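Structural characterization, general
Take a look at the letters that make up each chain.
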Amino acid sequence: MRKPSFKAPKDWDRRWLMLAELMASYSKDPSTKVGAVAVRDRRVLSTGFNGMPTGVVDSSFRLNDRDVRLSMTVHAEMNVINFAARNGVSLMGSDLFIFPLAPCSNCASSIIQAGVRRVIVYDYVIPQRWQQSFDTAAEMFSESGVALLRLPEKEEKEPEEDVSNIGSKIPPSLRDISA
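Residues numbered from 1 in each chain as written. Predicted model: local features only at pLDDT ≥ 70, side-chain atom pairs only at ≥ 80, totals over all residues. Heavy atoms only, no water.

1. Side note on the overall build of the protein chain
- Helix and strand counts for the protein chain stand at 6 helices and 5 strands.
- Taken from N to C terminus, the helices and strands of the protein chain fall in the order α-β-β-α-α-α-β-α-β-α-β.
- Buried residues in the protein chain amount to 35% of all 179 residues.
- A separation threshold of at least 6 residues defines the contact pool for the protein chain, and within that pool the share at least 24 residues apart is 65%.
- With an accessible surface of roughly 11700 Å², the protein chain has 53% of that area assigned to carbon and sulfur atoms. (Helix = DSSP H or I, 4+ residues; strand = E, 2+ residues; numbered from the N terminus. Buried < 20%, exposed > 50% of the residue type's maximum accessible area, 1.4 Å probe, protein only. Contact = heavy atoms within 4.5 Å. Areas by Shrake-Rupley, 256 points an atom, 1.4 Å probe, with all protein chains shown as cover.)

Structural data, given as structure tokens:
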């Protein structure tokens, strides 16, 4: 049997961001691939990636013409919300993990309205052309009580346990005093 080729991080937020990154890989957008995952109580509620609406052909012309692509693409965050609604799943109190970018102001409005409590992204440098929209989204989240968490890209290592003094961690009642 084949085992996973990656090591899952200990931090659950990073695990969900890895799943969002996998979802991003499904996007056919030639320039920006975004994925998102809504989670509550460590259970996936909905997933999405940026792309054409269901049933709309994602032809080479549409994907390669930037203006056409931008006018027709549904953002990953909106796909998460739309697919949850389509399947009767409430996102109230959920966490939304997005890779690799923070949400734009339009998506932030829907995220707030859906009742998402936290938005988690990696702390990437935001491209200048989208900075104003992301700043507006961050302001909207702050005002509405939605937490926006930006995790460092690299997981911080936990300090290794010093086993030289392991005896001090054994409760006195369990120590062998005859030794």
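So that's the structure; there's more coming.
2. Considerations on the environment of Leu22
- Secondary-structure assignment places Leu22 in helix α1 (residues 12-24).
- Looking at Leu22, the relative accessible area reads 42%, which means it is partly exposed.

3. With respect to the environment of Pro103
- Counting through the fold element by element, Pro103 comes out in the loop between β3 (95-99) and α5 (105-114).
- Residue classification places Pro103 among the buried positions, given a relative accessible area of 1%.
- If sequence neighbours within four positions are ignored, Pro103 has contacts with Glu77, Ile98, Ile111, Val119, Phe134, Ala137 and Phe141.

4. Considering the pairing of strand β2 (residues 43-49)
- The sheet contact formed by strand β1 (residues 35-40) and β2 spans 6 bridges and is antiparallel. Note that in β2 the partner of Val37 across the bridge is Thr47.
- Linking β1 back to β2 in an antiparallel pair, the connection comprises 2 residues, with Asp41 at a positive phi of about 55°. (Pairing = 2+ DSSP bridges.)

5. Regarding the pairing of β3
- Within β3, 5 of the 5 residues are buried, leaving the element largely enclosed by the surrounding structure.
- Here β3 shows no split at all, with Asp95, Phe97 and Phe99 on one side and Leu96 and Ile98 on the other all buried.
- With 5 bridges joining them, β1 and β3 adopt antiparallel strand pairing. Residue pairing in the sheet places Val39 in a bridge with Asp95 of β3.
- Sheet analysis places β3 next to strand β4 (residues 118-122), joined by 3 bridges and oriented parallel. Within β4, the residue paired with Leu96 across the bridge is Val119.
- Regarding topology, α5 serves as the crossover connection from β3 to the parallel β4, and that connection is right-handed. (Right-handed = clockwise from strand over helix to strand, strands pointing away.)

6. Concerning helix α6 (residues 131-144)
- Over its 14 residues, α6 runs 20 Å from end to end, which matches the ideal 20 Å to within 8%, given 1.5 Å per residue.
- By the burial criterion, the buried members of α6 are Phe134, Ala137 and Phe141. Angularly, the buried residues of α6 cover 55° about the axis, an arc narrow enough to put them on a single face. Counted as exposed and oriented over 90 degrees from the buried face of α6: Gln132, Ser142 and Glu143. (Expected span 1.5 Å × (residues − 1). Arc of directions from axis to C-beta.)

7. Quick notes on the packing of α5 against α6
- Here α5 crosses α6 at 20°, and the two axes come no closer than 8 Å. As the angle between them shows, α5 and α6 are arranged roughly parallel. Pair α5 / α6 crosses with right-handed handedness. Along the contact surface, α5 presents Ser105, Ala108, Ser109, Ile111 and Ile112, while α6 presents Ser133, Thr136, Ala137, Met140, Phe141 and Ser144. (Axes fitted to C-alpha atoms, helices over the stretch in contact; angles between N-to-C directions. Parallel < 35°, antiparallel > 145°, perpendicular 65-115°, else oblique. Left-handed = near helix turned anticlockwise from the far one by under 90°.)

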